[in-house]
Amino acid sequence: MILFFKESSKTIAVGTQVSLNQSDIDKLCWLFGDAKMILANHLEGQFVGPRKEMITPWSTNAVEITQNMGINGILRIEEFFAADDKTTIDPMLQASYMGLDQTIFTIEHQPEPVIYIDDISAYNRKEGLALSDDEIQYLEDVAAKIGRRLTDSEVFGFSQVNSEHCRHKIFNGTFIIDGIEKKSTLFELIKKTTRTNPNTIVSAYKDNCSFSEGPKAEQFAPISQDQPDFFQITDIDTVLSLKAETHNFPTTVEPFNGAATGTGGEIRDRMAGGKGSFPIAGTAVYMTSYSRNDDNNRPWEQHITPRKWLYHNPEELLIKASNGASDFGNKFGQPLINGSVLTFEHAENQKKYGL
């Protein structure tokens, strides 16, 4: 059963597996900001809301709140907004609905059939998996060894697990320059700087972030932590954690949540460094092609014809990613205090380059 509640700027759909009594309905009206329950099974009009297939984090939190309020039987709660034909949506997360009814949360998709790959090299080019020739040969050898063709999910999964992001193949690879094999990998050269001049480094390349000696600081805290006690000021030695997180592809596909989980990743890694750790501040760097965010493009933006974007254009990336990184940091008390933006495009030898 789907119940609809009208708040000033949105309609809230509540999916339940049991009938709610009047007391529970009154609680929901209060929870949704003095919303009014709509006594109808179908609402006319055009709406924008989350895709049926994706339960939003907001819904998960909202359902948990209702459980803490003693309301049982609610499965999902989502927000829908009035729209028209000119309303833009995020195709990764949202859908446009002509009316809201009792099937708004019903998913009718059947699982896709398993696809066996005949030509891994062709599948790699088609899907843009960025597999190298060596990786393709490895997968073909695996298929021969197990006596069957690999499936699409197996090949795709391998491309992600063995990616540069996960394995650092380039950073840890052997470099041959002018026919001479170098003694050190790129990663070893990077690590060498810390080994040669550790200075105030406490730990580096052992955890997912590094630690450096910090200044003496005044701590205002209870004298003992296992019982109520007086507060006192104590001088303590501090350790600062430093962390960089790249979230290029997730942010390209879904800017807000991709950048948000990038912020979450660096907060997680730094707070896992030890007891008493807490986030202080973050920064963000965005690199895209030209944003062309107005009709009067800057002179350097007029030399190259904008490409057709597969996911989001640069302007959408910059706005949504900035909002996402700030949003997640704010929820953990970590403000974004600075950052930078770089836009770049270039054409040479009949090829177009951009960030």
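Refer to the structure presented above.
Residues numbered from 1 in each chain as written. Predicted model: local features only at pLDDT ≥ 70, side-chain atom pairs only at ≥ 80, totals over all residues. Heavy atoms only, no water.

**Student:** Explain the packing of aromatic side chains to me, using residue names and the numbers behind them.
**Tutor:** Counted under the stated rule, the structure contains eight aromatic pairs. Geometry around Phe187 places Lys191 over its ring, the cationic atom sitting 5.0 Å from the centre. (Phe/Tyr/Trp six-rings, centres within 6.5 Å; stacked < 30°, edge-to-face > 60°. Lys NZ or Arg CZ within 6 Å of the ring centre and 35° of its normal.)

**Student:** I'd like a description of helix 10 (residues 314-331), backed by residues and values.
**Tutor:** For helix 10, with 18 residues, the first-to-last C-alpha span of 26 Å sits near the 26 Å given by 1.5 Å per residue. Here helix 10 has its buried residues at Pro314, Leu317, Leu318, Ala321, Gly324, Ala325 and Gly329. Within helix 10, the buried residues cover an arc of 145° as seen down the axis, which keeps them to one side. What points out from helix 10, more than 90 degrees from its buried face, is the exposed set Asn330 and Lys331. Looking at the buried side of helix 10, the elements it contacts are helix 8 (248-253), helix 9 (255-271), strand 12 (282-288) and strand 13 (336-343). N-cap assignment for helix 10: the residue whose side-chain oxygen lies 3.1 Å from the backbone N of Glu315 is Asn313. Of the residues one or two after helix 10, Gly333 is the one with positive phi, at around 75°. (Helix = DSSP H or I, 4+ residues; strand = E, 2+ residues; numbered from the N terminus. Expected span 1.5 Å × (residues − 1). Buried < 20%, exposed > 50% of the residue type's maximum accessible area, 1.4 Å probe, protein only. Arc of directions from axis to C-beta. Contact = heavy atoms within 4.5 Å. Polar contact = N/O pair within 3.5 Å; in protein donor to acceptor, adjacent residues only side chain to side chain.)

**Student:** Lay out unusual backbone geometry in plain terms, naming residues and giving numbers.
**Tutor:** In this structure, Ala130 is a non-glycine residue whose phi angle is positive, near 60°. Structurally, Ala130 is set in the loop between helix 3 (120-127) and helix 4 (133-146). Ala130 gets classed as exposed once you look at its relative accessible area, which sits at 68%. Of note, Asn199 is a non-glycine position whose phi angle comes to about 50°, a positive value. With respect to the helices and strands, the residue Asn199 is situated in the loop between helix 7 (186-196) and strand 9 (201-203).

**Student:** Tell me about the sheet that holds strand 5 (residues 74-82), and please be specific about residues and values.
**Tutor:** Paired through their backbone hydrogen bonds, the strands of a sheet run either parallel or antiparallel. Judged by pairing direction, the sheet is antiparallel, and its six strands sit side by side in the order 3-1-2-5-4-6 without closing on themselves. Each edge of the open sheet carries a strand with a single partner, namely strand 3 (36-38) and strand 6 (94-100). When strand polarity is set aside, the average angle formed by the axes of neighbouring strands in this sheet is 35°. (Pairing = 2+ DSSP bridges. Axes fitted to C-alpha atoms, helices over the stretch in contact; angles between N-to-C directions.)

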